[in-house]
Amino acid sequence: MLKLLWPGLLCTLGEKVLNPLISMDPDALMRLQRLQGKQLAVCLRGIDLRLVLTAQPNGIWLNSHQEAVDCSVETEFSALQQLSDPSQLTRLIRENKLQIDGDLQTLQQFSQFFQQLNPDWQERLSALLGDAVAHKAARAIVALQQGIRNYLQQADQTMQELAQDELRLTPVAAEVQQFSREVSTLAGRTELLQRQLAGLLPQLQASS
Amino acid sequence: MSEQQHSGNQDSTHFGFKTVARDDKVSLVANVFHSVAAKYDVMNDLMSLGIHRLWKRFTIDCSGVRPGQKVLDLAGGTGDLTALFSRRVGPTGQVVLADINESMLNVGKDKLRDLGLVNNISYVQANAEALPFADNSFDIITIAFGLRNVTDKDAALRSMFRVLKPGGRLLVLEFSKPTEAWLSKVYDVYSFKLLPAMGQLVANDRESYQYLAESIRMHPDQETLKQMMEQAGFSETSYHNLTGGIVALHRGYKF
């Protein structure tokens, strides 16, 4: 009964989170001018939702529709994080994890905008808690963010090493390359043998 | 089926369940909205449990609005749709908030100014049956919860068709007929018992909310309204039932 309405609810909540964040970044509105009037559609595979972001001088407004936009991106949830790294785009497209229709520059501009978004939490908190407490809280939040980021990087590194060296679950890159070379050599030799057999077959049939 | 066929002979029309002279309906409806204007938004949230905001969001999604477009929010009342459109069309676009009722228009004007939306919105007191705009003026026209109060709906649809640009679209968001029998029964109890009581309690106005419930029942159902839009000239007309058909969004294009 409410199936048609949940995208609207999602867009409302998205705007309620996103636009206050934009207003907390003093430089964001200036950067939005460059995007003014541009529309980017993001479609996540497996979720029946096409989210359209419209950039205007006063914020980014969300909608869900199938109309034409400046740039449309279809991707998987797992690939979302990698979209922020422009060097990964070609690989993602080749692996069919990303499909882009329209103006690539629009996608890059939106991506750049979100990467550069830096809300001034301290300013907002100081109005509520006072300057000193806000400064300490902001420093604690930054330290916590850095700590979490380091911990996740460390955990990722440890997992890779564990899988490759200790448990031998996955091969290292050199092993994959060596294996690929061996497979290519074997394929070549198999093909040669096949040709030789094909040449011998008429002779065998003639002699019998 | 035309509006005249729907509402009876040419000299009379319905005002809720009452039959009144056609010329009297405008002033009767005007009195209702003068009375409810101040509490209109509170009552909308209360009566629909806030779902009217999602119905309006869905309308915006179906409009496919783009930056730079010109939008007419007809019977726009307190400006909910105008606010959503204004942010999306941006400084290069324009939204016209039109309403026949001055009280509603004033409430809308104040609300939108408080939201900081001033640059791309203009206000017009207008009758939907004879819109004071040039032919082919708007990319999108919306009329949300307003059409059922119009005396001559066919004339209003023709007028909207005239001022819409070729390729433009009309969106009619309006109460309609629930699609499930059980929902219809629950909805009847809610509208005729609870709604007037809520109106009395919050807005001190039982009669206006009794009229609201009655006018919804007298409004054409989904298929009839679709046919009326086609008769007015709209193409590719379609509708979506929202919340089990309690509300329907009709869409039609001018080609």
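Here the structure is a predicted model, which is why all the values come from computation and not from measurement.

Things to note about the overall build of chain A
Tallying secondary structure elements over chain A gives 7 helices and 5 strands in all. Reading the helices (α) and strands (β) of chain A from amino to carboxyl end gives α-α-β-β-β-β-α-β-α-α-α-α. Relative to a compact globule of 208 residues, whose C-alpha radius of gyration would be 17 Å, chain A shows 27 Å and is clearly more extended. Projected onto the principal axes, the alpha-carbon positions of chain A cover approximately 100 × 45 × 40 Å. In chain A, the share of contacts with a sequence separation of at least 24, taken over all contacts with a separation of at least 6, comes to 59%. Approximately 14200 Å² of chain A is accessible, and the part contributed by carbon and sulfur atoms is 59%. Across chain A, the mean location of the 18 positive side-chain charges is 1 Å away from that of the 22 negative side-chain charges.

What to know about the pairing of strand S2 (residues 18-21) of chain B
Residues and elements named next belong to chain B. Bridge analysis of strand S1 (residues 12-15) against S2 gives 4 bridges, and the strand direction is antiparallel. The partner of His 14 across the bridge, within S2, is Thr 19. Counting the residues between successive antiparallel strands, the hairpin from S1 to S2 contains 2 residues, one of them, Gly 16, with a positive phi of roughly 65 degrees.

Digging into helix H7 (residues 153-163) of chain B
In terms of residue burial, H7(B) counts as a mostly covered element, since 9 of its 11 residues are buried. Of the positions making up H7(B), those classed as buried are Lys153(B), Asp154(B), Ala155(B), Ala156(B), Leu157(B), Ser159(B), Met160(B), Phe161(B) and Val163(B).

Details of the side chain of Arg50(A)
Residues and elements named next belong to chain A. Tracing the sequence through the fold places Arg 50 in strand S2 (residues 50-56). Of the side chains with opposite charge, Asp 101 lies nearest to the buried Arg 50, which makes no salt bridge, at 7.3 Å. A polar atom in the side chain of Arg 50 sits 2.9 Å from the backbone oxygen of His 65. A polar side-chain atom of Arg 50 sits 3.0 Å from the main-chain carbonyl oxygen of Glu 67.

Looking at the sheet that holds strand S4 (residues 71-75) of chain A
Residue and element names in this part refer to chain A. Strand order in the open sheet formed by 5 strands is S3-S2-S1-S4-S5, with mixed pairing between adjacent strands. What marks the edges here is a single partner per strand, and that holds for strand S3 (59-64) and strand S5 (98-102). Sheet twist, expressed as the average angle between the axes of neighbouring strands with direction ignored, equals 20 degrees. The pairing of strand S1 (residues 39-44) with S2 spans 5 bridges and is antiparallel. Within the sheet, the bridge partner assigned to Val 42 lies in S2 and is Leu 51.

Brief notes about the UniProt feature "binding site: S-adenosyl-L-methionine" (unreviewed entry) in chain B
Residue and element names in this part refer to chain B. According to UniProt, the "binding site: S-adenosyl-L-methionine" (unreviewed entry) feature falls on Thr 78, Asp 99, Asn 127 and Ala 128. Residue placement: Thr 78 occurs in the loop between strand S3 (70-74) and helix H5 (80-89). Non-local contacts of Thr 78, meaning those with residues more than four positions away in its chain, are made with Tyr 40, Asp 41, Met 104, Val 107, Gly 108 and Lys 111.

Comments concerning the packing of aromatic side chains
Residues and elements named next belong to chain B. One pass over the structure, following the stated rule, counts 6 aromatic pairs over all chains. Aromatic pair Phe 133 and Phe 138: ring centres 5.1 Å apart, planes at 90 degrees, arrangement edge-to-face. In terms of burial, Phe 133 and Phe 138 fall into one category: buried. Taken together, a centroid distance of 4.9 Å and an interplanar angle of 45 degrees make the contact between Phe 145 and Phe 175 tilted. One end of the pair, Phe 145, is in the loop between strand S6 (138-144) and H7; the other, Phe 175, is in strand S7 (residues 164-175), and 30 residues separate them in sequence. Ring pairs connect the aromatic residues Trp 55, Phe 145 and Phe 175, which therefore count as one cluster.

Digging into the sheet that holds S3(B)
Residues and elements named next belong to chain B. Spatial ordering of the open sheet is given by S5-S4-S3-S6-S7-S9-S8, a layout of 7 strands whose pairing is mixed. Taken across any chain shown, the strands that pair with only one partner, and hence form the sheet edges, are strand S5 (121-125) and strand S8 (235-242). Averaged over all adjacent pairs, the angle separating strand axes in this sheet is 15 degrees, with direction ignored. Looking at chain direction, strand S4 (residues 94-99) and S5 are connected through 5 bridges and run parallel. Of the residues in S5, the one forming a bridge with Val 96 is Ser 122. Contacts from helix H4 (residues 51-63) reach S6, S7, S8 and strand S9 (247-253), with the element oriented near 160 degrees to S7. Across the face of the sheet, H7 comes into contact with S3, S6 and S7 while running at roughly 145 degrees to S7.

Some thoughts on the nonpolar core
Residue and element names in this part refer to chain B. Phe 85, Leu 173, Phe 175, Leu 242 and Val 247 are the most contacted members of the largest nonpolar core, which has 34 residues in total. Secondary structure elements with two or more residues in this core: helix H3 (40-48), H4, H5, S6, S7, helix H8 (181-203), helix H9 (206-218) and S9. Once residues lying within four places of it in the same chain are set aside, the contact partners of Phe 85 are Ile 60, Ser 63, Val 65, Val 71, Val 95, Ile 140 and Thr 142.

Details of the packing of H3(B) against H4(B)
Residue and element names in this part refer to chain B. One can describe the packing of H3 onto H4 by two numbers: an axis separation of 7 Å at closest approach and a directional angle of 95 degrees. Looking at the two axes, H3 sits roughly perpendicular to H4. Judged by residue contacts, Asn 44, Asp 45 and Ser 48 of H3 engage Ile 51, His 52, Arg 53, Trp 55 and Lys 56 from H4. In terms of residue class, the contact of H3 with H4 is built from 2 nonpolar, 3 polar and 3 charged.

Calculation rules
Residues numbered from 1 in each chain as written. Chains lettered and ligands numbered in written order. Predicted model: local features only at pLDDT ≥ 70, side-chain atom pairs only at ≥ 80, totals over all residues. Heavy atoms only, no water. Helix = DSSP H or I, 4+ residues; strand = E, 2+ residues; numbered from the N terminus. Rg over C-alpha atoms; globule rule 2.2 N^0.38 Å. Contact = heavy atoms within 4.5 Å. Areas by Shrake-Rupley, 256 points an atom, 1.4 Å probe, with all protein chains shown as cover. Lys, Arg positive; Asp, Glu negative; His and termini not counted. Charge placed at Lys NZ, Arg CZ, Asp CG, Glu CD. Pairing = 2+ DSSP bridges. Buried < 20%, exposed > 50% of the residue type's maximum accessible area, 1.4 Å probe, protein only. Salt bridge = Lys/Arg side-chain N within 4 Å of Asp/Glu carboxyl O. Polar contact = N/O pair within 3.5 Å; in protein donor to acceptor, adjacent residues only side chain to side chain. Axes fitted to C-alpha atoms, helices over the stretch in contact; angles between N-to-C directions. UniProt positions renumbered as here; feature names shortened; annotations may be inferred. Phe/Tyr/Trp six-rings, centres within 6.5 Å; stacked < 30°, edge-to-face > 60°. Core = buried A, V, L, I, M, F, W, Y, C linked by side-chain atoms within 4.5 Å. Parallel < 35°, antiparallel > 145°, perpendicular 65-115°, else oblique. Nonpolar A, V, L, I, M, F, W, Y, C, P; charged D, E, K, R; others polar.

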